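Structural overview
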Amino acid sequence: EYLFGLTDRSHLYAGDTELAPNVSSFAVCDDFLLITTHSHTCRCLQLSTLTLKGLQLALSSDGGQNDETLRRVERGSRIVTVVPQDTRVILQMPRGNLETIHHRALVLAQLRKWLDSLRFREAFECMRKLRINLNLIYDHNPKVCMDLRGKVCSSSQQTLSMFCGES
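Not measured: the values here are computed from a predicted model.

This paragraph deals with empty space enclosed by the protein. With the rule as written, the count across this model stands at one cavity of 30 Å³ or more. For the largest cavity, the calculated volume is near 70 Å³. What lines the largest cavity is simply Asp-30, Phe-32, Gln-85, Asp-86, Leu-106, Ala-109, Gln-110 and Lys-113. Counting residues per element, the lining of the largest cavity draws most heavily on helix 2 (residues 104-116), at four residues. Residues belonging to the lining of the largest cavity are distributed by class as follows: three nonpolar, two polar and three charged.

Given below as structure tokens:
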């Protein structure tokens, strides 16, 4: 466990170790550290999978095109809160208005939990609402999906049509 802090000069620390400069806000929720930077990005990192050195390295990298931990945000955005056990992040914009985003790293972590616990309806509804390709249900664990295909597709004809339509 670490104590995270942000200095008035925008440096993020974990204990005595500087993790990153250029940080405008941060929040810790469940197993994730979320930060916004002065370069207009929001980074979401899973704490259980990274050491302090890993956090420093991840926060210093620019991230690739398909990096699920990185998201562009409006200039001057700050994290207000992260909704626990959910995928919503509330940001305050420079003009004072609040906006809700669903950070991809949080969404994918939540989907993995639902799919691992065989809660296909919740996963399906979330994926449909956030326009995530439904093939993820199969790709996450093909054997389980095939063994339980009746449960996966039992909700309605429309659900089955949507699921098969993206295949």
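In this section: the sheet that holds strand 10 (residues 98-102). One open sheet holds the three strands; their spatial order is 8-9-10, and the pairing between them is antiparallel. The sheet is open, and its two edges are formed by strand 8 (78-82) and strand 10, each paired on a single side. Ignoring which end each strand starts from, the neighbouring axes of this sheet average 35° apart. Relative to strand 10, strand 9 (residues 88-92) runs antiparallel, the two sharing five bridges. Paired with Val-89 across the bridge in strand 10 is Ile-101.

Parameters at a glance
Residues numbered from 1 in each chain as written. Predicted model: local features only at pLDDT ≥ 70, side-chain atom pairs only at ≥ 80, totals over all residues. Heavy atoms only, no water. 1 Å grid on protein atoms, 1.4 Å probe; cavity = no way out; pocket = protein on both sides within 12 Å on 5 of 7 lines; lining within 4 Å. Points joined across faces, edges and corners; volume = space filled by probe spheres on them. Helix = DSSP H or I, 4+ residues; strand = E, 2+ residues; numbered from the N terminus. Nonpolar A, V, L, I, M, F, W, Y, C, P; charged D, E, K, R; others polar. Pairing = 2+ DSSP bridges. Axes fitted to C-alpha atoms, helices over the stretch in contact; angles between N-to-C directions.

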